[in-house]
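Examination of the molecular architecture
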Amino acid sequence: TQLLEQSPQFLSIQEGENLTVYCNSSSVFSSLQWYRQEPGEGPVLLVTVVTGGEVKKLKRLTFQFGDARKDSSLHITAAQTGDTGLYLCAGGTGNQFYFGTGTSLTVIP
Amino acid sequence: KAGVTQTPRYLIKTRGQQVTLSCSPISGHRSVSWYQQTPGQGLQFLFEYFSETQRNKGNFPGRFSGRQFSNSRSEMNVSTLELGDSALYLCASSRLAGAYNEQFFGPGTRLTVL
């Protein structure tokens, strides 16, 4: 079983603060994707990382894939209320995807 | 390009009934996956279809079934509904982007079983 664990499970911060969410596994993945999901809606793909050590930036969001391609992190700078949602990581191997347990982020104005 | 569409968006059924959910993938995507999402269990993989064939299957009872048509549209069926089947059912289509697959989700169907 390829299990992806995310931490923290819940996070509540003030607007303007920085935060980091972690996605860890003992398995190697060929790609890792991050999604954000709002209540009652489907997850929206934010980014895909594929190379060990790769760093991608999407405005205030920075994504990093671990050197061994087993873990990833998402860092948000100066969080805004619009960042509120459930963040999911998903490891891809072949044609299968394995989802993390999710991090529920609440940004308080 | 239109995204993944799912119908209906909301559904209320009673125990013992059956239900069929529909998913239209992004144009050109041949793989369609189905997931069940509940607050307690998170996102759980049901099955994946590629070119009308079930390629991968999760750990769900046989009451959950699916199929894919030649135009890549997919349906999933749940028979003999139980209260525990209440969930958000998500469909995702995926494409091969170089050497890896990328998955895109639809808005989901919220199923409530009474």
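Everything below is about the structure printed above this text.
Residues numbered from 1 in each chain as written. Chains lettered and ligands numbered in written order. Predicted model: local features only at pLDDT ≥ 70, side-chain atom pairs only at ≥ 80, totals over all residues. Heavy atoms only, no water.

Focus on the overall build of chain A
Counting its regular elements, chain A contains zero helices and 11 strands. Starting at the N terminus and walking to the C terminus, you meet the elements of chain A as β-β-β-β-β-β-β-β-β-β-β. Taken against the 2.2 N^0.38 rule, which gives 13 Å for 109 residues, the C-alpha radius of gyration of chain A at 13 Å falls within 12% of a compact globule. Across its three principal axes, chain A shows a C-alpha extent of roughly 40 × 30 × 20 Å. Summed over its atoms, the accessible surface of chain A is roughly 5100 Å², and 49% of this surface lies on carbon and sulfur atoms. Positive and negative charge centroids in chain A, built from 7 and 9 side chains respectively, lie 8 Å apart. (Helix = DSSP H or I, 4+ residues; strand = E, 2+ residues; numbered from the N terminus. Rg over C-alpha atoms; globule rule 2.2 N^0.38 Å. Areas by Shrake-Rupley, 256 points an atom, 1.4 Å probe, with all protein chains shown as cover. Lys, Arg positive; Asp, Glu negative; His and termini not counted. Charge placed at Lys NZ, Arg CZ, Asp CG, Glu CD.)

Some words on unusual backbone geometry
Ser7 of chain A connects to Pro8 of chain A through a cis peptide bond whose omega is -5°. Here the amide bond leading from Thr7 of chain B into Pro8 of chain B is cis, since omega sits at -10°, within 30 degrees of zero. You can see Pro8 of chain B is positioned in the loop between β1 (5–7) and β2 (10–13). Here the phi dihedral of Arg69 of chain A falls at roughly 60°; this positive angle occurs in a residue that is not glycine. Here Arg69 of chain A is to be found in the loop between β7 (61–65) and β8 (71–76).

Side note on the pairing of β8 of chain A
Residue and element names in this part refer to chain A. Summarising the sheet, strand β3 (residues 19–24) and β8 pair through six bridges and their orientation is antiparallel. Among the inter-strand pairings, Thr20 is bridged to a residue of β8, identified as His75. As paired strands, β7 and β8 are joined by five bridges and run antiparallel to one another. Each bridged residue has a counterpart across the sheet, and for Phe63 the counterpart in β8 is Leu74. Counted between consecutive antiparallel strands, the loop separating β7 from β8 contains five residues, among which Arg69 sits at a positive phi close to 60°. (Pairing = 2+ DSSP bridges.)

Overview of the sheet that holds strand β8 (residues 74–78) of chain B
Residue and element names in this part refer to chain B. If you trace the four strands from one edge of the open sheet to the other, you get β1-β3-β8-β7, paired in antiparallel fashion. Two strands in the sheet have a free side with no partner beyond their single neighbour: β1 and β7 (64–68). Each strand axis lies, on average, 20° off the axis of its neighbour in the sheet, ignoring direction. As judged from the five bridges shared by β7 and β8, these two strands associate in the antiparallel manner. Bridge pairing links Gly66 to Met76 in β8. (Axes fitted to C-alpha atoms, helices over the stretch in contact; angles between N-to-C directions.)

Structural notes on the state of the cysteines
This structure, assessed with the given rule, holds two disulfides over all chains. Linked covalently through their sulfurs, Cys23 of chain A and Cys89 of chain A form a disulfide whose S-S length is 2.0 Å. Sign of the S-S torsion, about 80° for the bond between Cys23 of chain A and Cys89 of chain A, identifies this disulfide as right-handed. Note that Cys23 of chain A is positioned in strand β3 and Cys89 of chain A in strand β9 (residues 85–93), a separation of 66 residues in sequence. Accessibility expressed as a relative area gives 0% for Cys89 of chain A, which makes it buried. Each sulfur of the disulfide joining Cys23 of chain B and Cys91 of chain B lies 1.8 Å from the other. Judged by the torsion about the S-S bond (-55°), the Cys23 of chain B/Cys91 of chain B disulfide is left-handed. (Disulfide = S-S within 2.5 Å. Buried < 20%, exposed > 50% of the residue type's maximum accessible area, 1.4 Å probe, protein only.)

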